[in-house]
Amino acid sequence: MKILFVLTSHGSLGNTGKKTGFWLEEFAAPYYVFKDAGAEITLASPLGGQPPLDPKSDEPDAQTEDTRRFRADKQAVQALASTLKLSAVNPQHFDAVFYPGGHGPLWDLAESSESRALIESMLAAGKPVAAVCHAPGVLRHVKAADGTPMVKGKRVTGFTNSEEAAAGLTQVVPFLVEDMLKEAGATYSKGADWQSHVVTDGLLITGQNPASSAAGARALLQVLEESAVRDGEGGR
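None of the values given here were measured: they were computed from a predicted structure. (Residues numbered from 1 in each chain as written. Predicted model: local features only at pLDDT ≥ 70, side-chain atom pairs only at ≥ 80, totals over all residues. Heavy atoms only, no water.)

Here we come to the environment of phenylalanine 70. Tracing the chain through its elements places phenylalanine 70 in helix 2 (residues 65–71). Classification of phenylalanine 70 by relative accessible area gives buried; the value is 1%. For phenylalanine 70 and alanine 167, which are 97 residues apart along the polypeptide, the C-alpha to C-alpha distance reads 25 Å. The residues contacting phenylalanine 70, other than those within four sequence positions of it, are Leu24, Phe27, Ala28, Tyr32, Ala76, Val77 and Leu80. (Helix = DSSP H or I, 4+ residues; strand = E, 2+ residues; numbered from the N terminus. Buried < 20%, exposed > 50% of the residue type's maximum accessible area, 1.4 Å probe, protein only. Contact = heavy atoms within 4.5 Å.)

What follows is the structure, encoded as structure tokens:
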């Protein structure tokens, strides 16, 4: 299995003067779900190099077993510091793509033509795409083959309006993930705030919040395993 992570390169939290970026746990937990399953992992971001880390996700109360494992993992730390430029990534080289959240993706990846082309190419090739928390925002401009929003009629989830309100950033973010998905015609569902909620619809896997990151990664592995079984049956 070859899995591509796409992380944000955006580090400014709107006009607040504060920092944002990717959320550490939403990277670390899926990273080790995939690594422990034997996957080959490649990291990319729009600008390449070290993606900006949301400082709130680095605070003591946000740490988990996976984030501590990451900090002690020199190879993983080095890989994160030297992500590929997204423009240099060939979708044909990967079996799946995973987008960690944090607020950063709402500014850059949601508007990135390279990210949009990557997602459209992966789905057209029958390869799964997963995004958790704010990262379902990257689906904002992704189109189906007929030109309609790719999420139209799809069952999805993503960071809720109430969770954004609790974070105090409703008026700061460029758009609300829940509203965007609904406006695009998706069938949006959510669990309780801050509790794990993952939705799989065909090749698309979405998770609601940080608590959903490991479960979202496991759901992606399940889709890959089911696809491998089908391919094996087709080859007999």
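Read on for the rest.
Its identity is not glycine, yet cysteine 133 carries a phi of approximately 65°, on the positive side. Here cysteine 133 shows up in the loop between strand 5 (129–132) and strand 6 (155–156). Accessibility expressed as a relative area gives 3% for cysteine 133, which makes it buried. Even without being a glycine, tryptophan 194 presents a positive backbone phi close to 70°. Looking at where tryptophan 194 falls in the secondary structure, it is placed in the loop between strand 7 (187–188) and strand 8 (198–201).

Considering all chains together, one arrives at ten aromatic pairs under this definition. When the centroid spacing of 5.4 Å and the interplanar angle of 75° are considered together, the rings of phenylalanine 5 and phenylalanine 27 count as edge-to-face. Taken as a pair, phenylalanine 5 in strand 1 (residues 2–6) and phenylalanine 27 in helix 1 (residues 24–36) lie far apart in primary sequence, 22 residues in all. Phenylalanine 5 sits in the buried class, given a relative accessible area of 0%. Aromatic pair phenylalanine 5 and phenylalanine 98: ring centres 5.3 Å apart, planes at 45°, arrangement tilted. (Phe/Tyr/Trp six-rings, centres within 6.5 Å; stacked < 30°, edge-to-face > 60°.)

Right, let's get into the sheet that holds strand 1. Picture the strands of a sheet paired through backbone hydrogen bonds; they go either parallel or antiparallel. The seven strands lie next to each other as 3-2-1-4-5-9-8, forming an open sheet whose pairing is mixed. Both outer strands of the open sheet, strand 3 (84–85) and strand 8, are each paired with one neighbouring strand and no more. Pairing geometry for strand 4 (residues 96–99) and strand 5, over three bridges, is parallel. Bridge pairing in strand 5 links tyrosine 99 to alanine 131. Each of strand 1, strand 2 (40–45), strand 4 and strand 5 is contacted by helix 1, which is oriented at about 175° to strand 1, the strand it contacts most. (Pairing = 2+ DSSP bridges. Axes fitted to C-alpha atoms, helices over the stretch in contact; angles between N-to-C directions.)

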